[in-house]
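The primary structure of each chain is shown beneath.
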2 protein chains.
Amino acid sequence: MTRQMRGGEAAGRPVQPSDTRRASKADQVYENIKEAILSGGLEPGVAIDKIALSERLGMSRFPITTAINRLAYERLVVIEPQHGSFVAKISAEDVRELMLIRRSLEAEIAGDAALRLGAEALAELERSLRYQEAAAAARDYAGFYALDVEFHRLIIVGAQLRHAKEILEGIRTHLERIRRLLLTPPGRLPNTLAEHRSVADALRARNPAAAREAMRTHLIETTVLFETIARERPNLFSA
Amino acid sequence: MTRQMRGGEAAGRPVQPSDTRRASKADQVYENIKEAILSGGLEPGVAIDKIALSERLGMSRFPITTAINRLAYERLVVIEPQHGSFVAKISAEDVRELMLIRRSLEAEIAGDAALRLGAEALAELERSLRYQEAAAAARDYAGFYALDVEFHRLIIVGAQLRHAKEILEGIRTHLERIRRLLLTPPGRLPNTLAEHRSVADALRARNPAAAREAMRTHLIETTVLFETIARERPNLFSA
DNA sequence: GCTCAACAACTAGCATGCCAGACGCTAGTC
DNA sequence: GACTAGCGTCTGGCATGCTAGTTGTTGAGC
């Protein structure tokens with residue numbers, strides 16, 4: 001549905017580059033708190049003090065409340081009425097489920113993309129792969145991770161799937177939080193690169209079934225990684 | 001992440017039955033407007049007059065604003081800052097994409113459910129199928145539709161997938177809106193019943209691949225139906 | 001020492017008033 | 001007649017104070 005929306009208002013989605021409108025205060029607070037939660041600055045379970053926050057940021061409680069409502073919708077914050085707002089905890093079970101969703105969606109999208117991607121999009125993927133190779137050679141883990149995210153995003157955007165993009169971004173937000181908390185080691189980098197290559201090959205060949213399978217395989221490997229690490233550090237998860 | 005949340009506050013999700021807490025005013029307004037949009041009482045594109053609404057419902061603008069923010073997050077409403085809030089329009093392209101998402105997710109979930117569903121959940125599915133047969137025999141289309149929705153929900157809940165449940169409910173909201181606008185004829189009812197039966201059979205056999213395929217086939221048929229109808233009535237869609 | 005009820009100190013929810021920005025209309029100009 | 005500038009009126013965004021509900025505490029009674 002969705003005419004396009006202004007700079008993130010009433011939604012947690014990234015601002016369209018074409019949208020020159022300034023961000024509202026609620027938008028700023030939203031980004032602010034979200035980043036704090038993702039980075040671990042705000043640990044799971046801690047209460048968010050709206051009044052202190054409003055004083056610190058020099059604004060009224062209204063934008064804070066709006067922002068927290070948004071975060072609650074994304075399940076990054078839990079609101080207990082007449083009691084308080086708290087940073088949502090993490091459960092190990094979520095990893096399994098979020099990856100299941102991501103796996104099924106991205107596999108299907110890859111199949112769709114094999115039929116719909118234009119030459120330009122394919123070229124962009126190819127370029128991304130080159131950068132990934134360079135980052136891998138340079139052992140630039142942070143850079144590679146950013147390119148990894150971008151690679152997946154390119155496929156979704158290329159297939160022109162707005163809703164799926166939003167859903168997957170919401171999922172990635174949660175996975176990103178877990179990833180940062182766990183400090184996922186970048187040991188699988190070469191495998192990831194090879195798997196990306198397989199996906200791109202299938203897309204270029206316009207083979208939907210192969211693209212689906214390649215993406216599914218790739219994300220199964222990622223799931224295994226997540227779950228292995230989660231098992232090694234159970235203390236970070238709540239019941 | 002998600003401790004469970006109170007009666008829908010800051011989210012558009014259904015109230016947990018275990019949650020006895022009363023709904024806030026914002027919750028009520030949210031349900032109110034949502035139902036109006038889904039039923040077509042509020043047509044795509046019309047402006048929502050917050051002040052008139054607050055006067056009519058006997059409350060301040062605050063709960064209205066909160067509710068509309070929530071609806072904007074769900075893409076049922078579009079907020080144009082300093083200008084107005086409008087009922088979101090519908091695009092034909094959305095049908096394709098929403099069904100793609102639903103198809104991939106529910107297929108994967110069916111595969112998961114084949115491994116995880118307990119005897120009780122399987123029995124519930126069986127009972128649902130009996131009711132569906134009864135509704136089909138009685139030509140009770142509305143009843144069958146409700147059972148249809150319930151059938152899919154049972155599988156998701158049985159697989160204990162909270163996030164997927166929420167995502168799919170959001171998607172169903174949009175599809176439901178389209179369905180009602182289009183007044184989808186119930187002609188495929190016998191086929192639907194047979195397809196449901198196939199899914200349940202595969203689940204009982206604990207065969208993930210078969211369950212995935214059965215669900216995928218079922219939803220591909222549904223997609224075709226949606227798109228056929230959408231083609232016949234293009235005037236209902238915006239560009 | 002234990003129980004439980006009353007209270008104090010919080011919170012989110014809500015009401016209300018104001019402000020700034022967007023849009024439509026009109027009047028003035030060419 | 002067409003166009004544009006400016007003004008009025010609408011909207012959402014925000015500030016602030018109040019209300020009601022939850023929770024932890026404390027102290028009285030046993």
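The residue count restarts for each chain, going from 1 along the sequence in the order it is written. Key to labels: chains lettered from A, ligands numbered from 1, both in the order written. Two thresholds apply to this predicted model, a pLDDT of at least 70 for residue-level local features and 80 or more for giving and counting side-chain atom pairs, whereas whole-chain, interface and lining totals are computed over all residues. In computing side-chain properties, one takes all heavy atoms of the structure into account and sets aside hydrogens as well as water.

1. Comments concerning the overall build of chain A
Selection criterion: Numbering of helices and strands runs from the N terminus, with a helix taken as a DSSP run of H or I at least four residues long and a strand as a DSSP run of E at least two residues long. Between buried and exposed lies partly exposed: a residue is buried under 20% and exposed over 50% of the maximum accessible area for its type, with that area taken using a 1.4 Å probe on protein chains only. Contact criterion: two residues are considered in contact whenever any of their non-hydrogen atoms come within 4.5 Å of each other. Where accessible areas are quoted, they stem from the Shrake-Rupley method and a 1.4 Å probe; at the residue level, only the protein chains shown are allowed to cover.
If you tally the helices and strands in chain A, you get nine helices and two strands. Within chain A, the proportion of its 239 residues that are buried is 52%. When contacts within chain A are restricted to residue pairs at least 6 apart in sequence, those whose partners lie at least 24 apart make up 73%. Accessible surface for chain A amounts to roughly 10,900 Å². Of this, 53% is attributable to carbon and sulfur atoms.

2. So, the environment of Leu161 of chain A
Note that Leu161 of chain A resides in the loop between helix H6 (141–158) and helix H7 (162–182). Looking at Leu161 of chain A, the relative accessible area reads 2%, which means it is buried. In sequence terms Leu161 of chain A and Ile109 of chain A are 52 residues apart; their C-alpha atoms lie 8.4 Å from each other. Leu161 of chain A has contacts with Ile109, Asp112 and Ile156 of chain A together with Arg96, Glu97 and Leu100 of chain B, leaving out every residue within four places of it along the chain.

3. Concerning the protein's contact with DNA strand C
Selection criterion: Throughout, near means a residue has at least one heavy atom within 4 Å of the molecule or strand. Any N or O atom pair separated by 3.5 Å or less is treated as a polar contact, with the protein-specific requirement of one donor-capable and one acceptor-capable atom, and with residues adjacent in sequence counted only for side-chain atom pairs.
Around DNA strand C, a shell composed of 23 residues is seen, among which His83 and Ser85 of chain A together with Lys25, Ser60 and Arg61 of chain B lie nearest. Here Arg61 of chain B contributes a side-chain N or O atom positioned 2.6 Å from a base oxygen of DNA strand C. At the level of secondary structure, the elements contributing two or more residues to the surface near DNA strand C comprise helix H2 (50–57), strand S1 (77–80) and strand S2 (84–87) of chain A together with helix H1 (25–39) and helix H3 (61–73) of chain B. Top contributing element to the surface near DNA strand C by residue count: H3 of chain B, with three residues.

4. Concerning the pattern of salt bridges
To keep things clear, this is the line we draw: Take a side-chain nitrogen of Lys or Arg and a carboxyl oxygen of Asp or Glu: if they are within 4 Å of each other, that pair is a salt bridge.
Inspection of every chain in the model, using the stated rule, returns 47 salt bridges over all chains. Glu176 of chain B is paired through a salt bridge with Arg172 of chain B; the nearest N and O atoms lie 3.9 Å apart. Remark: Arg172 of chain B and Glu176 of chain B occur in helix H7 (residues 162–182); sequence separation between them is four residues, near one turn of the helix. For Glu176 of chain B, a relative accessible area of 8% gives the class buried. Arg172 of chain B gets classed as partly exposed once you look at its relative accessible area, which sits at 32%. One salt-bridge network, in which partners are shared between bridges, spans Glu126, Arg130, Glu133, Arg197, Asp201 and Arg204 of chain A.

5. Details of the confidence of the model for chain A
Put simply, the rule is: Note: pLDDT gives the predictor's confidence per residue, expressed from 0 to 100.
The pLDDT averaged across chain A works out to 85; a share of 86% of its residues lies at or above 70. For the stretch residues 1–20 of chain A, pLDDT sits under 50, and the model shows 63 contacts to residues farther than four places along the chain or on other chains.

6. A closer look at the packing of aromatic side chains
Quick note on the threshold: By convention, a stacked pair of Phe, Tyr or Trp rings (six-membered ring in the case of Trp) has centres within 6.5 Å and planes under 30 degrees apart, an edge-to-face pair has planes over 60 apart, and any other such pair is tilted.
Under the definition given, this model contains two aromatic pairs over all chains. For the pair Phe62 of chain A and Phe62 of chain B, a centre-to-centre distance of 6.2 Å together with 90° between the ring planes defines the contact as edge-to-face. A residue pair is termed interchain when its members come from two chains, as with Phe62 of chain A in helix H3 (residues 61–73) and Phe62 of chain B in helix H3. Phe62 of chain A sits in the partly exposed class, given a relative accessible area of 47%. Taking the centre distance of 4.3 Å and the plane angle of 45° together, the rings of Tyr73 of chain A and Tyr73 of chain B count as tilted. Of this pair, Tyr73 of chain A sits in helix H3 while Tyr73 of chain B is found in helix H3, placing the two residues in two different chains.

7. Describing the nonpolar core
Counted only if it meets this: Working definition of a nonpolar core: buried Ala, Val, Leu, Ile, Met, Phe, Trp, Tyr and Cys residues. They are joined through side-chain atoms within 4.5 Å.
Counting residues in each nonpolar core, the largest one holds 89 residues, and the members touching the most others are Ile109, Ile155 and Leu203 of chain A together with Ile109, Ile155 and Leu203 of chain B. In this view, Ile109 of chain A contacts Ile155, Ile156, Ala159, Leu161, Ala164 and Leu168 of chain A together with Leu100 of chain B; residues no more than four positions away in its chain are not counted.

8. With respect to the protein's contact with DNA strand D
The test is simple: Each residue is assigned to one class: nonpolar for Ala, Val, Leu, Ile, Met, Phe, Trp, Tyr, Cys and Pro, charged for Asp, Glu, Lys and Arg, and polar for all the others, Gly among them.
The full set close to DNA strand D counts 21 residues, and Lys25, Ser60 and Arg61 of chain A together with His83 and Ser85 of chain B are the nearest of them. Between a base nitrogen of DNA strand D and a main-chain N or O atom of Gln82 of chain A, the distance comes to 3.3 Å. Elements supplying a minimum of two residues to the surface near DNA strand D: helix H1 (25–39) and H3 of chain A together with strand S2 (84–87) of chain B. Residue classes in the surface near DNA strand D are distributed as six nonpolar, eight polar and seven charged.

9. What to know about the environment of Ile79 of chain B
Residue and element names in this part refer to chain B. Considering the arrangement of structural elements, one finds Ile79 in strand S1 (residues 77–80). By relative accessible area, which is 13% here, Ile79 ends up buried. Distance in space between the C-alpha atoms of Ile79 and Asn69 is 8.1 Å, their sequence separation being ten residues.

10. Some remarks on H1 of chain A
Residues and elements named next belong to chain A. Convention followed: To estimate the expected span of a helix, subtract one from its residue number and multiply by 1.5 Å. The directions from the helix axis to the C-beta atoms are what the arc is built from.
A rise of 1.5 Å per residue sets the reference length of H1, with its 15 residues, at 21 Å; its end C-alpha atoms lie 21 Å apart and thus fit the reference within 8%. For H1, the full list of buried residues reads Ala26, Asp27, Val29, Tyr30, Ile33, Lys34, Ile37 and Leu38. With its buried residues spanning 165° around the axis, H1 presents them on a single face. Where H1 is buried, its residues meet H2, H3, S1, S2 and H7. A positive phi of about 95° marks Gly40, the residue just after H1.

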